[in-house]
Amino acid sequence: DMRMDGYYTHQEYLSKELSLLKPDAIVLELGVGDGGSKDAKGSSLLMYQFAKENPKATVYAFESDQSWLNQMKEKYSLDNYIFTSIPDWDTIGDALIKHDRFNLVFVDQSPWEARSNSIDALKSNVDVFVVHDYDYFNRGYSSRYVSDENSWWGQTYSKDFEIEDYYSLLPPTLIMRKR
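Conventions used here
- Residues numbered from 1 in each chain as written.
- Predicted model: local features only at pLDDT ≥ 70, side-chain atom pairs only at ≥ 80, totals over all residues.
- Heavy atoms only, no water.
- Helix = DSSP H or I, 4+ residues; strand = E, 2+ residues; numbered from the N terminus.
- Rg over C-alpha atoms; globule rule 2.2 N^0.38 Å.
- Buried < 20%, exposed > 50% of the residue type's maximum accessible area, 1.4 Å probe, protein only.
- Pairing = 2+ DSSP bridges.
- Right-handed = clockwise from strand over helix to strand, strands pointing away.
- Polar contact = N/O pair within 3.5 Å; in protein donor to acceptor, adjacent residues only side chain to side chain.
- Axes fitted to C-alpha atoms, helices over the stretch in contact; angles between N-to-C directions.
- Parallel < 35°, antiparallel > 145°, perpendicular 65-115°, else oblique.
- Left-handed = near helix turned anticlockwise from the far one by under 90°.
- Contact = heavy atoms within 4.5 Å.
- Nonpolar A, V, L, I, M, F, W, Y, C, P; charged D, E, K, R; others polar.

A. Inspection of the overall build of the protein chain at higher detail. Check the secondary structure of the protein chain and you find 7 helices and 7 strands. When its helices and strands are written in sequence order, the protein chain yields α-α-β-α-β-α-β-α-β-α-β-α-β-β. In summary, the protein chain has a C-alpha radius of gyration of 15 Å against a globular reference of 16 Å for 179 residues, a match within 12%. Expressed as lengths along the three principal axes of its C-alpha atoms, the size of the protein chain is roughly 45 × 40 × 30 Å.

B. Representation of the pairing of strand β5 (residues 126-132) in the model. Most of β5 is tucked away: 6 of the 7 residues are buried. Bridge count between strand β4 (residues 102-107) and β5: 5 bridges; the pairing is parallel. Within β5, the position partnered with F106 by the bridge is V130. Running through helix α6 (residues 112-122), the crossover from β4 to the neighbouring parallel element β5 is right-handed. For β5 and strand β7 (residues 173-178), the ladder comprises 5 bridges, and the chain directions are antiparallel. Residue pairing in the sheet places V130 in a bridge with I175 of β7.

C. Spotlight on unusual backbone geometry. Residue P111 follows S110 across a cis peptide bond; omega there is 10°. Residue P171 follows L170 across a cis peptide bond; omega there is 0°. Within the fold, P171 resides in the loop between β6 (161-166) and β7. We note that D133 has phi near 60°; this positive angle belongs to a residue other than glycine. Position of D133 among the secondary structure elements: in the loop between β5 and α7 (152-157).

D. View of the environment of N70. Summarising the element assignment, N70 is placed in helix α4 (residues 66-76). The exposure class of N70 is partly exposed, given its relative accessible area of 39%. Sequence separation between N70 and S143 is 73 residues; the distance between their C-alpha atoms is 38 Å. A polar contact of 2.8 Å, which involves the side chain of N70, links it to the side chain of Q66.

E. The arrangement of the packing of helix α2 (residues 11-19) against helix α3 (residues 43-53) in detail. Running from N to C, α2 and α3 cross one another at 20°; their axes reach a closest spacing of 10 Å. Between α2 and α3, the crossing angle belongs to the class labelled roughly parallel. Both α2 and α3 take part in a crossing whose hand is right-handed. Residues Q11, L14, S15 and L18 of α2 touch α3, and the partners they reach there are S43, L46, M47 and F50. Looking at the contact of α2 with α3 residue by residue, the class counts come to 5 nonpolar, 3 polar and no charged.

F. View of the side chain of Q109. Here Q109 is to be found in the loop between β4 and α6. A polar atom in the side chain of Q109 sits 3.3 Å from the backbone oxygen of A114. A distance of 2.8 Å separates a polar atom in the side chain of Q109 from a polar atom in the side chain of S118. In this view, Q109 contacts L30, G31, W89, A114, R115 and S118; residues no more than four positions away in its chain are not counted.

Written out as structure tokens, the structure reads:
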């Protein structure tokens with residue numbers, strides 16, 4: 001089912017960014033995603049593999065849908081892959097107070113607005129953001145996919161981050177590296 005593939009268009013980029021991290025990296029997953037079919041690699045499967053291969057790393061997974069979180073926790077939880085239920089995405093700041101730095105944050109939660117709110121709350125403490133489905137925010141700009149100075153993403157974050165946009169597979173994926 002081609003529609004299902006849209007859930008996994010981030011896998012190549014997220015896999016690459018995870019492979020660049022040090023073995024003791026601190027990673028945050030906002031919105032957990034299942035591995036789905038044999039060929040599909042949702043974010044939780046990729047995070048699970050990273051945590052398993054890097055026992056000194058820590059991956060925190062935050063999710064607001066309790067039943068979905070429970071399913072993913074049962075399937076993927078490890079000592080260093082920690083699932084946390086949050087009541088809603090507005091409380092993410094409270095949930096993260098004890099963490100001062102993240103090497104990578106994968107952003108793929110809903111509703112859409114929670115993504116930019118989370119980035120805003122975390123941006124001073126994150127080296128790299130990987131954002132799935134970013135084009136929602138570029139509506140009304142010259143391009144929904146190019147995140148240059150003429151886009152919402154460029155105007156909002158290019159001062160603090162180098163932005164790479166990948167849209168050969170839709171929905172698109174954005175990489176934001178701290179300048």
